[in-house]
Amino acid sequence: MEEVVGKILKVSGPLVVAEGMRNANMFDVVRVGEKRLIGEIIEMHGDKASIQVYEETAGVGRGDIVVSTGEPLSVELGPGLITNIYDGIQRPLETIREKVGSNLTRGIDEPALDRARVWHFEAEKKIGDTVAPGDVLGFVDETEVIRHKVMVPPKKGGTLVQIASGDFKVTDIVAKIKLENGKTENVTLIQKWPVRVARPYKEKLPPAEPMITGQRSIDALFPIAKGGTACVPGPFGSGKTVVQHQLAKWSDVDLVVYIGCGERGNEMTDVLREFPELTDPRTGKSLMERTVLIANTSDMPVAAREASIYTGITIAEYYRDMGYAVAVIADSTSRWAEALREMSGRLEEMPGEEGYPAYLTSRLAGFYERAGKVVCLGSDGREGALSAIGAVSPQGGDISEPVTQATLRIVKVFWGLDSSLAYRRHFPAINWLNSYSLYRERLSDWCADNIAKDWMSLTGRCLKTLQEESDLDEIVKLVGVDALSPEDRMTLEAARSIREDFLQQYAFDDIDGYTPLDKQYALLKLIFSYEDRARKALAQGANVQTLADLPVREMIGRAKTIPSENYKAEFEKIEAELAAQIDKAVHDAAKEN
Amino acid sequence: MIREYRTIEEVAGPLMLVKQVDGVKYDELGEIELPSGEVRRCRVLEVNGRDVLVQLFESSAGLNLAQSKVRFSGHGVELPVSKNMLGRVFNGMGEPIDGGAKLIPEKNLDINGTPINPAARYYPSEFIQTGVSTIDGLNTLVRGQKLPIFSGSGLPHANLAAQIARQAKVRDGDSKFAVVFAAIGITFEEADFFISDFKKTGAIDRTVLFINLASDAAIERISTPRMALTAAEYLAFECDMHVLVILTDITNYAEALREVSAARKEVPGRRGYPGYLYTDLATMYERAGRKMGSEGSITMIPILSMPEDDKTHPIPDLTGYITEGQIILSREMYRKGYMPPVDVLPSLSRLKDKGIGEGKTREDHAGTMNQLFSSYARGREAKELMVVLGEAALTPVDRLYAKFADAFEAEYINQGFYENRTIEETLDLGWKLLAILPKSEMKRIKPELIEKYWVGEK
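Residues numbered from 1 in each chain as written. Chains lettered and ligands numbered in written order. Predicted model: local features only at pLDDT ≥ 70, side-chain atom pairs only at ≥ 80, totals over all residues. Heavy atoms only, no water.

## Focus: the packing of helix H11 (residues 396-413) of chain B against helix H12 (residues 423-434) of chain B
Residues and elements named next belong to chain B.
Part 1 of the argument: Two elements in contact, H11 and H12, have axes whose closest approach is 10 Å; the angle formed by their N-to-C orientations is 155°. By the criterion of interaxial angle, the relationship of H11 to H12 is roughly antiparallel. For the element pair H11 and H12, the recorded crossing hand is right-handed. Contact with H11, carried on its side by Phe404, Ala407, Phe408, Glu411 and Tyr412, involves Thr426, Leu429, Gly430, Lys432, Leu433 and Leu434 of H12 and no other residues of that element.
Part 2 of the argument: Residues belonging to the contact of H11 with H12 are distributed by class as follows: seven nonpolar, two polar and two charged. (Axes fitted to C-alpha atoms, helices over the stretch in contact; angles between N-to-C directions. Helix = DSSP H or I, 4+ residues; strand = E, 2+ residues; numbered from the N terminus. Parallel < 35°, antiparallel > 145°, perpendicular 65-115°, else oblique. Left-handed = near helix turned anticlockwise from the far one by under 90°. Contact = heavy atoms within 4.5 Å. Nonpolar A, V, L, I, M, F, W, Y, C, P; charged D, E, K, R; others polar.)

## Observations concerning unusual backbone geometry
Part 1 of the argument: In the segment running from Thr248 of chain B into Asp249 of chain B, the intervening peptide bond is cis, with an omega of 15°.
Part 2 of the argument: Relative to the elements of secondary structure, Asp249 of chain B occurs in the loop between strand S18 (242-248) and helix H5 (250-263).
Part 3 of the argument: Of note, the bond from Met339 of chain B into Pro340 of chain B is cis; its omega dihedral lies within 30 degrees of zero at -15°.
Part 4 of the argument: Tracing the sequence through the fold places Pro340 of chain B in the loop between helix H8 (331-336) and strand S22 (348-349).
Part 5 of the argument: For Glu354 of chain A, which is not glycine, the phi torsion reads 50° and is therefore positive.
Part 6 of the argument: With respect to the secondary-structure elements, Glu354 of chain A resides in the loop between helix H6 (333-346) and helix H7 (360-368).
Part 7 of the argument: For Gln20 of chain B, which is not glycine, the phi dihedral falls at a positive 55°.

## Description of the nonpolar core
All names here are of chain A.
Part 1 of the argument: In terms of nonpolar packing, the biggest core is built from 84 residues, with Ile224, Leu293, Ile389, Trp415, Leu547, Phe571 and Ile582 touching the most fellow members.
Part 2 of the argument: Looking at which element gives the most residues to this core, the answer is helix H13 (residues 517-539), with 12 residues.
Part 3 of the argument: In this structure, Trp415 is in contact with Ile218, Phe222, Ile224, Ala230, Cys231, Val232, Pro233, Leu247, Ile389, Ile430 and Ser435, ignoring residues within four places of it in sequence.
Part 4 of the argument: In terms of nonpolar packing, the next biggest core, distinct from the first, is built from 76 residues, Ala112, Trp119, Val174 and Phe414 among them. (Core = buried A, V, L, I, M, F, W, Y, C linked by side-chain atoms within 4.5 Å. Buried < 20%, exposed > 50% of the residue type's maximum accessible area, 1.4 Å probe, protein only.)

## Section: the pairing of strand S4 (residues 37-45) of chain A
Across a regular strand the side chains alternate sides, sitting on one face of the sheet and then on the other.
Residues and elements named next belong to chain A.
Part 1 of the argument: S4 sits mainly inside the fold: seven of its nine residues count as buried.
Part 2 of the argument: Relative to S4, strand S3 (residues 28-32) runs antiparallel, the two being bridged by four bridges. If you follow Val32 over to S4, its bridge partner there is Leu37.
Part 3 of the argument: The loop that links S3 with its antiparallel partner S4 comprises four residues; one of these, Gly33, has a positive phi angle of about 70°.
Part 4 of the argument: Of the strand pairs in this sheet, S4 and strand S5 (residues 48-53) are connected by six bridges, and their pairing is antiparallel. In the strand pairing of S5, His45 is matched with Lys48.
Part 5 of the argument: From the end of S4 to the start of S5, which pair antiparallel, there are two residues, and Gly46 there has a positive phi angle of about 60°. (Pairing = 2+ DSSP bridges.)

## Remarks on the interface of chain A and chain B
Part 1 of the argument: Each side of the interface is counted separately: chain A has 77 residues, and chain B has 80 residues.
Part 2 of the argument: Surface buried jointly by chain A and chain B totals about 6500 Å² across both partners, of which 50% is contributed by carbon and sulfur atoms.
Part 3 of the argument: Considering only the surface of chain A that becomes buried against chain B, Phe236, Asn266 and Arg425 of chain A emerge as the three largest contributors, covering 14% of it.
Part 4 of the argument: For the interface between chain A and chain B, the tally reads seven salt bridges.
Part 5 of the argument: The closest approach of N and O atoms between Glu274 of chain A and Lys354 of chain B, which form a salt bridge, is 3.9 Å.
Part 6 of the argument: Our count for the contact surface shared by chain A and chain B stands at 39 residue pairs in polar contact (both at pLDDT 80 or more).
Part 7 of the argument: Per-element accounting of the side of chain A that touches chain B gives the leading share, nine residues, to helix H4 (residues 265-274) of chain A. (Buried area = accessible area lost by both parts, 1.4 Å probe. Salt bridge = Lys/Arg side-chain N within 4 Å of Asp/Glu carboxyl O. Polar contact = N/O pair within 3.5 Å; in protein donor to acceptor, adjacent residues only side chain to side chain.)

## A closer look at the sheet that holds strand S13 (residues 158-163) of chain A
Strands pair in a sheet through their backbones, by hydrogen bonds, and they do so in one of two ways: parallel or antiparallel.
Residue and element names in this part refer to chain A.
Part 1 of the argument: Overall, antiparallel pairing links the four strands, which are arranged S10-S13-S15-S16 in an open sheet. With one partner strand each, in any of the chains shown, strand S10 (130-131) and strand S16 (184-188) form the two edges of the open sheet.
Part 2 of the argument: Here S13 pairs with strand S15 (residues 173-179) via five bridges, running antiparallel. Paired with Gln162 across the bridge in S15 is Lys176.

## A word on the confidence of the model for chain B
Regions with low pLDDT should not have their predicted coordinates read in detail.
Part 1 of the argument: In the predicted model, chain B carries a mean pLDDT of 91, and the fraction of residues at 70 or more is 99%.
Part 2 of the argument: Two summary scores accompany this predicted model of the complex, namely pTM at 0.92 and ipTM at 0.87. (pLDDT = per-residue confidence, 0-100.)

## Considering a nonpolar patch on the surface
Part 1 of the argument: There is a patch of nonpolar side chains on the surface, built from Ile475, Leu478 and Val479 of chain A and spanning about 290 Å² of accessible area.
Part 2 of the argument: Considering the arrangement of structural elements, one finds Leu478 of chain A in helix H11 (residues 455-479). (Patch = residues over 30% accessible without salt bridge, like charges linked within 9 Å, V, L, I, M, F, W, Y side chains within 5 Å. Areas by Shrake-Rupley, 256 points an atom, 1.4 Å probe, with all protein chains shown as cover.)

## Notes on the pattern of salt bridges
Residues and elements named next belong to chain A.
Part 1 of the argument: Per the counting criterion, the structure on display carries 88 salt bridges over all chains.
Part 2 of the argument: In this structure, Lys226 and Glu209 form a salt bridge, with 3.1 Å as the shortest nitrogen-oxygen distance. In this pair, Lys226 sits in the loop between helix H2 (216-221) and strand S19 (229-233) while Glu209 sits in the loop between strand S18 (203-205) and H2, placing the two residues 17 residues apart along the sequence.
Part 3 of the argument: Lys226 sits in the buried class, given a relative accessible area of 10%.
Part 4 of the argument: What you see here is one network of salt bridges that share partners, running through Glu263, Arg264, Glu267, Arg335 and Glu338.

## Some remarks on the packing of aromatic side chains
Residues and elements named next belong to chain A.
Part 1 of the argument: Applying the stated criterion across every chain yields a total of 21 aromatic pairs over all chains.
Part 2 of the argument: A centroid spacing of 6.0 Å and a plane angle of 75° characterise the contact between Phe121 and Phe168, whose relative ring orientation is edge-to-face. Of the two residues, Phe121 is situated in strand S9 (residues 118-123) and Phe168 in strand S14 (residues 166-169); the sequence distance between them amounts to 47 residues.
Part 3 of the argument: Given a relative accessible area of 14%, Phe168 falls into the buried group. (Phe/Tyr/Trp six-rings, centres within 6.5 Å; stacked < 30°, edge-to-face > 60°.)

## Considering helix H3 (residues 240-250) of chain A
Part 1 of the argument: Counting buried residues along H3 of chain A, 10 of its 11 residues qualify, which places the element largely inside the surrounding structure.
Part 2 of the argument: Within H3 of chain A, the full set of buried residues consists of Lys240, Thr241, Val243, Gln244, His245, Gln246, Leu247, Ala248, Lys249 and Trp250 of chain A.

## Concerning the environment of Leu449 of chain B
All names here are of chain B.
Part 1 of the argument: Examined against the element boundaries, Leu449 turns out to sit in helix H13 (residues 447-453).
Part 2 of the argument: Residues Leu449 and Gly367, spaced 82 residues apart in sequence, show a C-alpha to C-alpha distance of 8.6 Å.
Part 3 of the argument: Non-local contacts of Leu449, meaning those with residues more than four positions away in its chain, are made with Glu363, Asp364, Trp431 and Trp454.

## Observations concerning the environment of His45 of chain A
All names here are of chain A.
Part 1 of the argument: Tracing the backbone through its elements, the reader meets His45 in strand S4.
Part 2 of the argument: Residues His45 and Val17, spaced 28 residues apart in sequence, show a C-alpha to C-alpha distance of 9.9 Å.
Part 3 of the argument: Engagement of the side chain of His45 in a polar contact is seen with the side chain of Glu43, the distance being 2.9 Å.

## Examining the pairing of strand S7 (residues 69-72) of chain B
Residue and element names in this part refer to chain B.
Part 1 of the argument: Neither face of S7 is left uncovered, since the one carrying Lys69 and Arg71 and the one carrying Val70 and Phe72 both have all their residues buried.
Part 2 of the argument: Sheet topology places strand S1 (residues 4-5) next to S7; two bridges connect them, and they run antiparallel. The residue of S7 that forms the bridge with Tyr5 is Val70.
Part 3 of the argument: Of the strand pairs in this sheet, strand S4 (residues 29-33) and S7 are connected by four bridges, and their pairing is antiparallel. Following the sheet pairing, Gly30 is matched in S7 by Phe72.

## What to know about the sheet that holds strand S12 (residues 127-129) of chain B
Residues and elements named next belong to chain B.
Part 1 of the argument: Judged by pairing direction, the sheet is antiparallel, and its three strands sit side by side in the order S13-S12-S15 without closing on themselves. Only two strands of the sheet have a single partner each, and these edge strands are strand S13 (141-142) and strand S15 (169-170).
Part 2 of the argument: Strand direction decides the pairing type here: S12 and S15, joined by two bridges, are antiparallel. Bridged to Ile128 within S15 is Val170.

## Section: the confidence of the model for chain A
Part 1 of the argument: Residue-level pLDDT values for chain A average 92, and 100% of them are 70 or greater.
Part 2 of the argument: Within chain A, the lowest mean pLDDT, 86, falls on helix H9 (residues 419-423) of chain A, and the highest, 97, falls on strand S23 (residues 372-375) of chain A.

Structure, rendered in structure tokens:
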């Protein structure tokens, strides 16, 4: 193909306009100037191409050369992605650090996957087999946890003419497929895929299984499905990042792609340093063995921030295609939207609300719609799921702003973080009054079969009690707590117990940080057992203040920190103590009268 | 070869358009020579064909279109740096103004810096004792953190910042410590307060000052914090010093940025601030930290005054999204006479969890911190209720909480600007105050720690 070479006319921050580009394609990657900065064509006007440059453009001037590579912005997919940390356009940050030191210099060209590393490929198919797109040719054990499936690339079905097990570098040919049109396709361990195009699948399915997070307010009240979408809006300091980190740590998925998009450098470092130390409760291996990190911190060039979201979700789709359950966690989509706004402003487009471009909603929808539970390509009918969770950072915590509103129209779960809860150190600060999950109904069958028959009614009771508490609080604010009937007082006590003993969860505690579903259920049972017994005692004449002050409540309060392995016996002790103390309260009340 | 151009076409506000230029690069530094021979500096904002839009760093007064000459330097804006900067005073453009000798630079550094590779950062986790209970005990500062002070007009943020600069120390003793102070559009009096405080304590010898006063050109403010940070980076990452950077006042910086943006007729974001304010602030704040290959660190305390004490104003709001927490000052505490008037509940240090606990401060730190926070929050709620309904409407426990909240404000928060408390003193004070409450309310502290440290009724 003929190389297209143009000359720069205009430079304005990350936007460069070059002339002589008539033969280039839209969304081609170009190299800009002497330093060969990476850019992408985003508009064509006759001979002139507008290019967004993914690196700092200082020092670029008129007349500098622009060369088109003729390819769209793509990612390399293959073994070696996991445990790695990449920037927004998939450059390996660890390798770059080894090469150029601790600051990011410009124009670095470094392949995403290590070219020298040798992988052992175990062939599954044999010569002469007919293979369809998506069929698994063989395996590479990428980490101790993830078995990397080497698949026939989309649209490349045919007959295998060469395949063998052995040790290969990522660029070595592991198999050859004779296509139907007679050509031969060489399959290496690497596939390239353009980031702005969703990877194909056979069929999309409605999600039906919860993604278990071990976070009580999420699993019990506002669950997310495997293959579902969720957003976490909240003002700064409300604990968005902690929630996101907890999800990345404890979700029962096979792989997590964590995208730090325009956020703090130290947060990425935290993940990078902490995850290798943590063990996945399900596999017993390090959490890093199932994590891919994409880091475009807020001081890195703004255009690459726009690309980072796509880079991340494309990698996630690739593992989904292997039949894994994958979660993409993006922190924060607001920074991504701001990158869109900045480019839009430089392109002198007509702004929509608050200066955001008019296509903000459709771009956001395009991102979240790449999530879902699917039947993957390939003859074995395997299913994969991709859940997408995005943090949103609304300005001033005001969720009426365009990014939050556009997101809410798309996602099915809303975990609204609340600064007033955060001030009270109620963490996670998920506001139970305005958050919602549209998956509750859909997941009810699974929960009834796998947790307990009454799981849905118990969690529903939680929500109802909390709602009643908020109504009663209005009255208390007006006339004081003494004006309430003993029954209403008991509702307040039950709600307090739900809030403090169940919903509050200390992320940094070894035990409290993750609660398995059966223990969540037992905790709820315990809390409601207190309420039920207390109400009965109330009917038998016991004093409401005495019931509220029972010493056993402190034990209930500490129940969540009892180690998950042997909680059952301890919970039974608490239950017995509870029964005894309530009986005593009834007895004492009867004696007084 | 450096060419001179006499083709200035337009000057409007801080912007200037030069025509018919060749070979000029984006973000290049330029010099304008006035007919009087005076030289002013400028920077390329946009290259469009042979037209170049430049931003002046100083006022445009006296500029003459026909006779002024423009030269472009071939490089970006740079700061000459050297270890001898310590103890010196510079203006907002990095030129010495203390009457001392000219600096002999060891090197010239681009003031924009380069982003730190997140894979090359160390996570900040070394406890810094500031001697202020509300910070050490509740919003712990660690080395390499960026922790802003959100203040308002008339609040004593300067005293708090000076107190931190004076008292801050790391527990394991002596390491090379320096302060870089950037005054961004503040008044002479405020700048003088800092300088005389540094002089009084002798800290001036290990301080680098960059001063842009309210009377200096507003547009110069855009480069002042970057000058300061470049000096800080040099001291921290090349001379292995632990640098505390104080930037005051970020609000003035953002306003200068808005001025340039408005002059360029850019589509404004909220309240007229440019849409890229977040990115712009981030490129400054993110320069704090610790990184591999260097012993030093940059800890940053930006100070900003919130217009109308409004935390949702774009400047504090976007700052809060980038920095690792915030210390908020409260007008209510100030009126009560409690100094430093820290508003405890909305203040936060995000990095505290890694900097506290056994081996760093004390084993009971995390538990007591959470207990103090939630107890104070509940006490405040009880007090609000008490205002509406009277004390009788409270439950006995809530009455104790209200009492606790009062004592907490009067003793824990109100320590004054000259009391330097060790972390042990702060933690013990916390236990003393918690003893106002029943022991059964200590739900956030591990039982074995309660047994060990409880000073109230058994």
